[in-house]
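Chain residues, written in single-letter form:
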Amino acid sequence: VDSSQYGAYIGGQAGFTGTLSIYNGGVARFGTVNYSGFSSLSLGQVGTGAINVGGAGSALQLTGGFYAGRASGAVGTIDVSSGATLTQTSSGSANEFVSFGSGGTVNGTLVNGGTGSLNVTGAAKATFGSPLSFGTSGDNGNLGVSDANSVLTLGDSLQAGGGSTATSSIGTIV
């Protein structure tokens, strides 16, 4: 899949579930040239969204900010395993970020209470060029890097828990 200038919307509606699986050397690219209006990836905005990337040579490549898990009951999960890679590069837009579990505005209304998770296992690699957060603005966020051969690389800041628009945020890094 190569949609490098257009974002992906997975699990965007309440009660719906969407899954993208990338295996056997497959590559999926999504991006945005206008982060102020669009995300490169909307995963579990008000529904449930999952992305599984597994196996050497398999890759998820994102340009621009994105989020996973937003509204109450929403769940967004990315699992990167068995030598696969996740690479996020900044589009250069102001206020761009990557968030796993972050409240935000949906159709003009602040929503929060969702859960976003990133799991990196089995010699997989995840690289982020934009600020990265887990559990902000009233949501829950989880990061797991489970073995010595798996790598998380940051090109900017990392935040766990917090936010100024809502309380009761939980960010967990294991």
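This is a predicted model, so every value here is computed, not measured.

Chemist: Looking at this model, I keep getting lost on the overall build of the protein chain. Mind explaining?
Modeler: A count of helices and strands for the protein chain gives 0 helices and 20 strands. Taking all 174 residues of the protein chain together, 47% fall into the buried category. Of the contacts formed within the protein chain by residues at least 6 apart in sequence, a portion of 84% connects residues at least 24 apart. When the accessible surface of the protein chain is summed, it comes to about 7500 Å², and 51% of that surface belongs to carbon and sulfur atoms.

Chemist: Teacher, can you tell me more about the sheet that holds strand 1 (residues 2-3) here?
Modeler: For sheets, the rule is that strands pair by backbone hydrogen bonds, running either parallel or antiparallel. Across the sheet, 6 strands lie side by side as 1-4-7-10-15-18; this open sheet has parallel pairing. On the outer flanks of this sheet lie strand 1 and strand 18 (151-154), each paired with one strand and no other. Both strand 15 (residues 125-128) and strand 18 contribute to a ladder of 4 bridges, which runs parallel. Along strand 18, the bridge assignment pairs Ala 126 with Leu 152.

Chemist: Any chance you could explain the packing of aromatic side chains here in plain terms?
Modeler: The description of an aromatic ring pair rests on the distance of the ring centres and on the angle between the ring planes. Scanning all chains against the criterion turns up 4 aromatic pairs. Ring centres of Phe 100 and Phe 128 lie 6.5 Å apart, and the angle between their planes is 90 degrees; this geometry places the pair in the edge-to-face category. Taken together, the positions of Phe 100 in strand 11 (residues 98-102) and Phe 128 in strand 15 put the pair 28 residues apart, joining distant regions of the chain. Both residues of the pair, Phe 100 and Phe 128, belong to the buried class. The class for Phe 100 is buried, based on a relative accessible area of 0%. In this structure an aromatic cluster arises from ring pairing among Phe 66, Phe 100, Phe 128 and Phe 134. When the ring centre of Tyr 67 is taken as reference, the NZ or CZ atom of Arg 70 above it lies at 3.7 Å.

Chemist: Would you mind going over the nonpolar core with me for this structure?
Modeler: When a protein is soluble and globular, its nonpolar side chains tend to lie buried together. Counting residues in each nonpolar core, the largest one holds 28 residues, and the members touching the most others are Ile 51, Leu 60, Ile 78, Phe 100 and Leu 118. Residues within four places of Ile 78 in sequence aside, it is in contact with Leu 41, Leu 43, Ile 51, Leu 60, Phe 66, Leu 86, Phe 100, Ser 117, Leu 118 and Asn 119.

Thresholds applied
Residues numbered from 1 in each chain as written. Predicted model: local features only at pLDDT ≥ 70, side-chain atom pairs only at ≥ 80, totals over all residues. Heavy atoms only, no water. Helix = DSSP H or I, 4+ residues; strand = E, 2+ residues; numbered from the N terminus. Buried < 20%, exposed > 50% of the residue type's maximum accessible area, 1.4 Å probe, protein only. Contact = heavy atoms within 4.5 Å. Areas by Shrake-Rupley, 256 points an atom, 1.4 Å probe, with all protein chains shown as cover. Pairing = 2+ DSSP bridges. Phe/Tyr/Trp six-rings, centres within 6.5 Å; stacked < 30°, edge-to-face > 60°. Lys NZ or Arg CZ within 6 Å of the ring centre and 35° of its normal. Core = buried A, V, L, I, M, F, W, Y, C linked by side-chain atoms within 4.5 Å.

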